[in-house]
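# Inside the fold
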Amino acid sequence: MSMIETAGVCKTFHGSNGRGPLEVLKNVSLTVEPKEVVCIIGPSGAGKSTYLRTLNRLETIDEGRIYIEDNLLFDCHRGVNSVKMHNDERNKILLEVGMVFQRFNLFPHKTALENVMLAPLNVRKFPFEEAREKSVQILERVGLADKIDTFPSQLSGGQQQRVAIARALAMEPRIMLFDEPTSALDPELVGEVLAVMKKLASAGMTMLVVSHEMGFAREVASRVVFMFEGSILEIGTPEKMFSSPENDRTRQFLQSVL
Ligand code: ADP
Ligand code: MG
């Protein structure tokens, strides 16, 4: 069983700015196996965020197929999905996919613990005590046992992002998507978030990570994907990608960031 499979995914934005249509994903095919950590790299505007968002239904697709844990959720042609599935069923499958964004978007008037408890209570419908216990445990896992009653404004960016990771984990996803989780952080706070992600990876979480942290990719990634102008140009092991990339664009990009 693969955790995520996309085949021939295409997406065009029809410009609200009068600049006409913009083809953002061009025939993107990628399969992520259980426990893999796949890092997506590539220049700004390559379509990395859009691609992640299509996996979580935050973005629709025009063409292609999306499978989550071998369940075909979307088989689209000209924007029309031919998969007949009840919304509840699709939502249930999509609960397996957690996502962490560049901006943490915590609820400011709720404590760390309350932020993490929201989904177990409201979506998973756990009883209060169970949701609380589970959420405390998860906050411990991300190193925030001493911050459970703290409000986001009193947490550092790194701590806030760890709460955001805990919030996603509270849904008990089997796949985690990360979209530049450290790029809004001060440099000295990046390490603590990457450390939590490394721990998740060692615990066997399947992860798809968009990041400019090449050290993380080199150390943790099973495979690295290079995206450019809406296409995957190259996929390889970190050793291969960082030492002898085959594509000129990959080489140019790596030279500019390393
Ligand atoms: P990346 O994450 O690789 O930087 P994105 O997926 O965010 O790239 O964006 C790819 C392209 O799609 C960019 O040119 C961006 O401006 C455009 N884009 C993203 N979201 C929208 C949208 N909702 N409407 C129109 N254009 C968009
Ligand atoms: Mg992006």
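For the structure, see preceding data.
Here the structure is a predicted model, which means the values were calculated and not measured. The residue numbering used here restarts from 1 in each chain and proceeds along that chain's sequence as written. Naming scheme: in the order in which they are written, chains are lettered from A and ligands are numbered from 1. Only residues with pLDDT of at least 70 get local features here, since the model is predicted, and only at 80 or more are side-chain atom pairs given and counted; chain-wide, interface and lining totals rely on the full set of residues. Side-chain descriptors were evaluated using all non-hydrogen atoms of the structure, hydrogens and water having been removed beforehand.

### Description of the site of ligand 1
Nearness is judged by heavy atoms alone; a residue qualifies as near a molecule or strand once a single heavy atom is within 4 Å of it. For ligand 1, the full set of nearby residues is F13, L22, V24, P43, S44, G45, A46, G47, K48, S49 and T50. Contacts described as polar in this section are N or O atom pairs within 3.5 Å, which, within protein, must combine one atom able to donate a hydrogen with one able to accept it, while residues neighboring in sequence count only if both atoms come from side chains. At 2.8 Å, a side-chain N or O of K48 approaches an oxygen atom of ligand 1. S49 places a side-chain nitrogen or oxygen 2.8 Å from an oxygen atom of ligand 1. Shrake-Rupley sampling with a 1.4 Å probe provides the accessible areas, and residues are treated as covered by the protein chains on show and by no other component. Burial of ligand 1 by the protein chains amounts to 61% of its free accessible area of 570 Å². Secondary structure elements follow DSSP: runs of H or I of four or more residues count as helices, runs of E of two or more count as strands, with numbering from the N terminus. Counting residues per element, the ones that place at least two in the shell around ligand 1 are β2 (21-32) and α1 (48-55). Take the shell around ligand 1: its biggest share by element is three residues, from α1. Each residue is assigned to one class: nonpolar for Ala, Val, Leu, Ile, Met, Phe, Trp, Tyr, Cys and Pro, charged for Asp, Glu, Lys and Arg, and polar for all the others, Gly among them. Of the residues in the shell around ligand 1, the class split is five nonpolar, five polar and one charged.

### Side note on helix α6 (residues 187-202)
Take the number of residues in a helix, subtract one, and multiply by 1.5 Å to get its expected span. Taking 1.5 Å per residue, 16 residues should reach 22 Å; α6 reaches 24 Å between its end C-alpha atoms and fits that length. The buried label goes to any residue with under 20% of its type's maximum accessible area, the exposed label to any with over 50%, and the partly exposed label to all in between, with areas taken from a 1.4 Å probe on protein chains only. Among the residues of α6, those classed as buried are L189, V190, V193, L194, V196, M197, L200 and A201. Buried positions in α6, seen along its axis, are confined to an arc of 155° and lie on one side of it. Exposed residues on α6 whose side chains face more than 90 degrees from its buried face are E188 and S202. In this description, the arc belongs to the directions extending from the helix axis to the C-beta atoms.

### Notes on the environment of F101
Within the element layout of this structure, F101 appears in the loop between β7 (97-100) and α3 (112-122). For F101 and E246, which are 145 residues apart along the polypeptide, the C-alpha to C-alpha distance reads 30 Å. We call two residues contacting when some pair of their heavy atoms lies within 4.5 Å. Other than its neighbours up to four places away in sequence, F101 contacts L58, Q161, D179 and P181.

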